[in-house]
Amino acid sequence: MKIVLSGIKPSGELNIGGYGGALHQFLALQQQQFECLFFVPDLHAVTVAQDPNVLRKRTMDIAAYYIAAGIDPKKATIFIQSHVSAHAELGWLMETQAHFGELSRMTQFKEKSNGKDTVSSALFTYPVLMAADILLYQATHVPVGDDQKQHLEMTRDLAARFNQRFRPVFTVPEPIIQQLGSRIMSLDDPAKKMSKSNPNANSYILFQDSPEVIHKKIAKAVTDSEGVVRCDWAHKPAVSNLIEIYAVFADESVETIESRYKGVGYGAFKRDLADVIAAKLQPIQRRYSEIVESDELIRILKDGAVKAAETANRTLLQAKQAMGFVTWAQ
Ligand code: ATP
Ligand code: LTN
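All of the points below concern the structure found in this document. Everything quoted here is computed from the prediction, not taken from an experiment. (Residues numbered from 1 in each chain as written. Chains lettered and ligands numbered in written order. Predicted model: local features only at pLDDT ≥ 70, side-chain atom pairs only at ≥ 80, totals over all residues. Heavy atoms only, no water.)

**Focus: the site of ligand 2**
Applied cut-off: Near is defined per residue: the residue qualifies when any heavy atom it owns lies within 4 Å of the molecule or strand. Distance and chemistry together define a polar contact, namely a pair of N or O atoms within 3.5 Å, with one atom able to donate a hydrogen and the other to accept it when in protein, and with adjacent residues in sequence counting only for side-chain atoms on both sides. Per-residue and other accessible areas follow the Shrake-Rupley method at a 1.4 Å probe size, with only the shown protein chains counted as cover for residues. For helices the rule is a DSSP run of H or I covering at least 4 residues; for strands it is a run of E covering at least 2, with both sets numbered from the N terminus onward. Charged means Asp, Glu, Lys or Arg here, nonpolar means Ala, Val, Leu, Ile, Met, Phe, Trp, Tyr, Cys or Pro, and polar covers whatever is left, Gly included.
Around ligand 2, the surrounding shell holds 14 residues, and the nearest of these are K9, Y126, M130, D133 and Q148. The separation between an oxygen atom of ligand 2 and a polar side-chain atom of K9 is 3.1 Å. Q148 is positioned such that a nitrogen or oxygen atom in its side chain is 3.0 Å from a nitrogen atom of ligand 2. Protein chains bury 92% of the 370 Å² of accessible surface belonging to ligand 2 in isolation. If you list the elements that add at least two residues to the shell around ligand 2, you get β1 (2-7) and α7 (121-136). Partitioning the shell around ligand 2 into residue classes produces eight nonpolar, four polar and two charged.

Here is the structure:
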């Protein structure tokens, strides 16, 4: 049985990077014979300071966007991380297995702590909680963007270390990092990942952006002076990034796009790209606004948490027994 688990943090407004690396894959995997769990990692969001009211709204937003984008609650379990307390508990147990040195090597921690006077210790141990998320459900496959590769590697190491030291409790998961869309870069600088933390709002496209805003942002996106719509990451990273975004949003190959725009300048290509993104986002935005304030969403999340907790508590009990905790039959 293949089990897929993944999540998008409610730490900022959802941008199209999260579509490329995550949602686009979630939708594809849901169609296959996988058991799918998609959750909102709110415990991960609070590793950096969050305004409580904003966190509350963004958590529901991410859940609503899952459904609006096409995740089907009848096929997948959708839940909020903090509603299943086993995550925090297994997170602690796995911290006893993680090494300070390996956590110190995590590039995401280095980037996020760089230049800050203080960072929370939770930001440092963040990958251990992520490992707990995955291992609780015995996930076999974890669809993520390229930036999560190192965290997945650590999850695999922790699972194997635990299994070896105690007894085989955890499945060692495989990352799924698709070729297209797993590294959507910033529109103002193709050397940087598209991220909501970028202070330049023109560097990313949000799920909630209107077609006008999308056109404006894509028109401003950096390109190069060659004027040829051709994918070549080494020499033309900015244009290659736009082509990849087009490919993901239109579900077309890079070659199809290159041949369509042969002899056509960047202007027309950019206008079409903006249309392609807007066409994908508009129905999602409509469905999002119908569901975000609804009782239906609350019911889906409550049912999801009950279902997730059953599996999670079972694995947690096995891990505690393996480690030698006193566990009377429950
Ligand atoms: P932040 O930028 O604030 O660190 P994030 O966008 O990396 O946050 P999430 O929102 O939790 O964090 O990311 C959700 C998923 O989307 C992850 O699998 C991540 O790898 C993927 N993802 C995020 N940004 C991009 C991007 N620019 N390109 C491709 N995938 C991305
Ligand atoms: N670390 C991820 C979010 C995340 C996640 C997970 C992804 C938390 N737990 C478990 C996949 C599986 C991020 O920063 N994007």
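**Overview of the packing of α7 against helix α8 (residues 149-165)**
Put simply, the rule is: All axes here are fitted lines through C-alpha atoms, helices being fitted over the stretch that makes contact, and every angle between N-to-C directions spans 0 to 180 degrees. Angles below 35 degrees are treated as roughly parallel, those above 145 as roughly antiparallel, those between 65 and 115 as roughly perpendicular, and all remaining angles as oblique. For any helix crossing, the convention is left-handed if the near helix is rotated counterclockwise from the far helix by under a right angle, and right-handed if that rotation is clockwise. The contact definition used throughout considers only heavy atoms, calling two residues in contact when any of these lie within 4.5 Å.
Between α7 and α8, the least distance of the axes is 9 Å, while the angle of their chain directions is 65°. Between α7 and α8, the interaxial angle falls into the category roughly perpendicular. In terms of crossing hand, the pair formed by α7 and α8 is right-handed. Facing Y126, P127, V128, M130, A131, I134 and L135 of α7, the residues of α8 in contact are H151, L152, M154, T155, L158 and A159. For the contact of α7 with α8, a count of residues per class yields eleven nonpolar, two polar and no charged.

**Quick look at the site of ligand 1**
The environment of ligand 1 is formed by 21 residues, the closest being K112, D147, I184, K193 and K196. Between ligand 1 and G17, the relevant distance is 3.1 Å, taken from a nitrogen atom to a main-chain nitrogen or oxygen of the residue. In this structure, S195 approaches ligand 1 through a side-chain N or O atom, which is 2.9 Å from an oxygen atom. Protein burial of ligand 1: of its 600 Å² of free accessible surface, 95% is covered by the chains. Examining the composition of the shell around ligand 1, we find that four residues originate from one element, helix α1 (residues 16-30), more than from any other. Split into classes, the residues belonging to the shell around ligand 1 amount to five nonpolar, ten polar and six charged.

**Observations concerning the packing of aromatic side chains**
To keep things clear, this is the line we draw: Aromatic pairs are defined between Phe, Tyr and Trp rings, using the six-membered ring for Trp, whenever the two ring centres lie within 6.5 Å; interplanar angles under 30 degrees are classed as stacked, those over 60 as edge-to-face, and all others as tilted. Note on exposure labels: buried denotes an accessible area under 20% of the residue type's maximum, exposed denotes more than 50%, and partly exposed covers the range between, all computed with a 1.4 Å probe on protein chains only.
According to the stated counting rule, one finds 16 aromatic pairs in the structure shown. Each ring, one from F100 and one from F124, has its centre 5.1 Å from the other, and the planes form 45°; the classification is tilted. Taken together, the residues F100 in helix α5 (residues 100-104) and F124 in helix α7 connect sequence positions 24 residues apart. Note on F100: relative accessible area 62%, which makes it exposed. The class for F124 is buried, based on a relative accessible area of 15%.

**A look at the pairing of β1**
Short version of the rule: Two strands form a pair only when DSSP identifies at least two bridges running between them. Crossover handedness is defined here as right-handed if the route from the first strand over the helix to the second strand goes clockwise, with the strands pointing away from the viewer.
With six bridges connecting them, β1 and strand β2 (residues 34-40) associate as parallel partners. Each residue of the ladder has a partner; that of L5, found in β2, is L37. After leaving β1, the chain enters α1 and then returns to the sheet as β2, a path that is right-handed.

**Things to note about helix α3 (residues 52-69)**
As a reminder, the rule being used: Multiplying 1.5 Å by the residue count of a helix minus one yields the expected span of that helix.
For α3, which comprises 18 residues, the first-to-last C-alpha distance of 26 Å matches the rise-based estimate of 26 Å (1.5 Å per residue) to within 8%. Looking at α3, one finds that the buried residues are L55, R58, T59, D61, I62, A63, A64, Y65, Y66, I67, A68 and A69. Where α3 begins, one side-chain oxygen reaches toward the backbone nitrogen of N53, 2.9 Å away; that side chain belongs to D51. Downstream of α3 by one or two residues, G70 has phi in the positive range, about 125°.

**Describing the packing of α3 against helix α13 (residues 295-323)**
For the pair α3 and α13, the least separation of the axes is 11 Å and the interaxial angle reads 95°. Regarding the angle of α3 to α13, the classification is roughly perpendicular. Contacts between α3 and α13 involve M60, A63, A64 and I67 from the first element and L297, I298, I300 and L301 from the second. Its residues placed into classes, the contact of α3 with α13 shows eight nonpolar, no polar and no charged.

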